[in-house]
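Residue-level structure breakdown
The lines below spell out each chain.
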Amino acid sequence: MNHTASNPGLSNQPSHPIYNIHFGLLCLSSLLFSASFNMLIPEMPAYLSKMGGAEYKGLVIAFFTLTAGISRPFSGKLTDTLGRVPVMAVGSIVCFICGFLYPLLGNVLGFLLLRLVHGFSTGFKPTATAAYVADIVPQERWGEALGIHGISYSTGMAIGPAIGSAIGQYYSIEILFYSSSALALLSILILMNMKETVKNRHRFSFSLLKISKNDIIDVRVLPAGIITLLAYLPYGVILTLVPDWAHHLGIANKGLFFMVFTIASLVIRFVAGKVSDRFGRVSVIKVGVIILVISLLVMAYADTAYGLLIGSVLYGIGSGVFSPAVNAWTVDLSNPEQRGKAMATMYISLEAGIGLGAFFSGLFFHDILSRVQPMFYASAAVLVLSFFYMQVWKKTPYSRAYHQH
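Scope of this entry: the structure provided in the associated data block. Here the residue numbers are simple positions, counted from 1 along each chain's written sequence. At least 70 in pLDDT is required for a residue's local features to be given in this predicted model, at least 80 for side-chain atom pairs to be given and counted, and no such filter applies to totals for whole chains, interfaces and linings, which use all residues. The side-chain quantities take in all heavy atoms of the structure and omit both hydrogens and water.

1. Here's the deal with the overall build of the chain
Note the threshold: Strands are runs of DSSP state E lasting at least 2 residues, helices are runs of H or I lasting at least 4, and numbering of each runs from the N terminus. Only protein chains enter the area calculation, which uses a 1.4 Å probe; residues under 20% of their type maximum are buried, those over 50% are exposed, and those in between are partly exposed. Residue contacts follow a heavy-atom distance rule, with two residues in contact if any of their heavy atoms lie within 4.5 Å. Only the protein chains shown count as cover for residues, and the accessible areas themselves come from Shrake-Rupley with a 1.4 Å probe. Only four residue types enter the charge count: Lys and Arg as positive, Asp and Glu as negative, with His and the chain ends excluded. In this description, the location of a charge corresponds to atom NZ of lysine, CZ of arginine, CG of aspartate or CD of glutamate.
Secondary structure summary: the chain contains 15 helices and 0 strands in total. Relative to its 405 residues, the chain shows a buried fraction of 60%. Once local pairs closer than 6 in sequence are excluded, the contacts in the chain between residues at least 24 apart make up 89%. Total accessible area computed for the chain in this model is approximately 16,000 Å², and 69% of it derives from carbon and sulfur atoms. Computed over 27 positive and 17 negative side-chain charges, the separation of the two mean positions in the chain equals 6 Å.

2. Regarding the packing of helix H1 (residues 21-38) against helix H6 (residues 142-170)
What counts here: Here an angle of 0 to 180 degrees is reported between the N-to-C directions of two axes, which are lines fitted to C-alpha atoms, with helices fitted over the stretch in contact. Angle categories: roughly parallel below 35 degrees, roughly antiparallel above 145, roughly perpendicular from 65 to 115, and oblique for all the rest. For any helix crossing, the convention is left-handed if the near helix is rotated counterclockwise from the far helix by under a right angle, and right-handed if that rotation is clockwise. Amino acids outside the nonpolar list (Ala, Val, Leu, Ile, Met, Phe, Trp, Tyr, Cys, Pro) and the charged list (Asp, Glu, Lys, Arg) are all regarded as polar, and Gly is one of them.
Closest axis-to-axis distance for the H1/H6 pair is 7 Å, and the angle between their directions is 30°. Considering their axes alone, H1 and H6 lie roughly parallel with respect to each other. As H1 packs across H6, the resulting crossing turns out to be right-handed. Counted together, Phe23, Leu26, Cys27, Ser30, Leu31, Phe33, Ser34, Ala35, Phe37 and Asn38 of H1 and Ala145, Ile148, His149, Ser152, Tyr153, Thr155, Gly156, Met157, Ile159, Gly160 and Pro161 of H6 form the full contact between these two elements. In the contact of H1 with H6, the residues fall into 13 nonpolar, 8 polar and no charged.

3. Digging into helix H3 (residues 57-81)
The condition that has to hold: The span you would expect from a helix comes to 1.5 Å times its residue count less one. Across the chain, bend at a residue is computed as the angle between axes fitted to the seven residues ending at that point and the seven starting from it.
The end-to-end C-alpha separation of H3 is 37 Å, in line with the 36 Å expected for 25 residues at 1.5 Å each. At Arg72, H3 shows its strongest bend, of approximately 40°, with the proline Pro73 following within four residues. In terms of residue burial, H3 counts as a mostly covered element, since 21 of its 25 residues are buried. Where H3 ends, the next residue or the one after it, Gly83, has phi of about 125°, a positive value.

4. With respect to the nonpolar core
Counted only if it meets this: Take the buried residues of types Ala, Val, Leu, Ile, Met, Phe, Trp, Tyr and Cys, join any two whose side-chain atoms come within 4.5 Å, and each joined set is a nonpolar core.
Membership of the largest hydrophobic core comes to 107 residues, with the highest contact counts inside it found for Ile238, Ile285, Trp329 and Phe376. If sequence neighbours within four positions are ignored, Ile238 has contacts with Pro243, Phe257, Phe258, Leu296, Met299, Tyr315 and Phe376.

5. Digging into the environment of Leu256
In this fold, Leu256 is placed in helix H10 (residues 256-279). C-alpha of Leu256 to C-alpha of Ile163: the two residues are 93 residues apart in sequence and 9.6 Å apart in space. When sequence neighbours within four positions are dropped, the list of residues in contact with Leu256 reads Ile251 and Leu309.

6. Re the packing of aromatic side chains
Rules: Stacked, edge-to-face and tilted are the three classes for Phe, Tyr and Trp ring pairs, Trp counted by its six-membered ring, which pair at centre distances within 6.5 Å; planes under 30 degrees apart are stacked, over 60 edge-to-face, the rest tilted. Each ring is checked for a lysine NZ or an arginine CZ that lies within 6 Å of its centre and within 35 degrees of its normal; such an atom marks a charge sitting over the ring.
All chains considered together, the criterion is met by 19 aromatic pairs. Aromatic side chains Phe37 and Tyr153 sit 6.5 Å apart centroid to centroid with 55° between the ring planes, which places their arrangement in the tilted category. Here Tyr153 lies in helix H6 and Phe37 lies in helix H1, a separation of 116 residues in the sequence. Take Phe37 and Tyr153: they sit in the same class, and that class is buried. Seen in terms of ring centroids, Tyr47 and Phe177 are 5.5 Å apart; in terms of plane orientation they differ by 75°. Their pairing is edge-to-face. Highlighted residues: Tyr47 in helix H2 (residues 44-50) and Phe177 in helix H7 (residues 173-191), separated in sequence by 130 residues. The same class applies to Tyr47 and to Phe177, which are both buried. Across from the ring centre of Phe364, 5.2 Å away, lies the NZ or CZ of Arg371, which sits over that ring.

7. A closer look at the side chain of Thr345
Within the secondary structure, Thr345 is located in helix H13 (residues 339-365). Here Thr345 falls in the buried class, since its relative accessible area comes to 0%. Those residues in contact with Thr345 that lie beyond four places of it in its chain are Ile216, Ile217, Asp218 and Val221.

Right under this line is the structure:
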C-alpha cells in the first residue's frame, strides 16, 4: 500500500483537478448539515435548565455522541455496501425529523431521548462523506481535499451557533428547532444530484445490519483512532462548559466563542491539508496538538471575554492543523475496499472523545463556575498525553512498516 504521507515527493507529482461540481455540492451539503445541528448547541444547556434538568447538562453532548459512536459500525458497513450517497442522506433525514420533534417533547426525559436519536445523524453522514471525498480525489491530494471539505463543515460549525444563538435571543427556541430542520432539508436536496462512487452496490436487506466484531473497528487505523480520541476529549469539555463560562465573562451571544474558533480553523485549513501532503501527517498532527495545549492554558487563565476569545482563536488554529491531517492519515492507513469502516473507526474515536469529555465535565461542573478552569487544565494534560503517544508510536514496528510502504 502506498502512503502519501510517508513520501513528501508525491506533492510534486502532476496536479489533478479536485474542484469540480461533485466536490462543490458535497461541500455545500456538509456546510448545511453541520450548521443544522451545531446551531442548537449554544441554547441547549439553558433550555435543559428551564425544564429542570440543569444537572444533566453534560448529557446534552454525551448522549448525542453516544449514539453517533454506536451507529458508526453500521454506517461504515453500509457506506461500503449500499453506497456513499444513501448513507449521507440518512444522516440529513434524521436531523430534519429531530428538529420538528424537539418542541413536542417538552420534558427532560423526552429531550434526552431525542438527543440520543439525533446523534445518529452525525454517525452516518460524515462517515460516508469522508469516504466519498477519498473516492473522487487522487491520493496525492487527500490532505488538501479533506482540508477544503473541512472548511465547509467548519463554516457550518461557525455560522450555526452564532445564528442559533441569535434566533434564540430574538425569536424563540421553537423557531430555532424548525430552522435546524430547514437546513437539514436543504442538505438532503443537494444530495439528490450526487453521483454514487461505489461500483458493486448491494440492495438493502436487514442482514446488512448484522454487525460482527470485525465490522466495528478497523485495526489498521487504530493509531489514528487513539490520537483522535485523546485530542477530542477537550472538545467535549468545551462544548459543555463554554456556553456558561462565556456568559459569566460577559459574552452575550453564546455562539460567539464557537464562531471565532471556527473562523480561525477555516483560515488555517486552506494550507494545513497541503502541508500534511508534503511533510507528513504525524509531524503536522504533533504541531496541532501543541497549539491545542497552549489554547486550553490560555482559556484556563483568561478572566475576561477578550482572553477567552484569544484562547478560542488559538484553539481554532490548532484544530485546523490537526483535523485534516488525522483524517488523511486515517485514509492513508486504510484498505481502499474498507474505507467506510476505516472512517467509521476514526469517527467512533472522535465521538467517544467528545462524549467522555462532555460527560465527565458535566458531572464535575454542576453549575459551579469555579470548577471550569480546573477542567481546562485537565484537558490540556490529556492533550500532552496524546503528544507523548505520537512519540511512542513513531518507535513501534507498526510505524516503521507504515513508512516503508
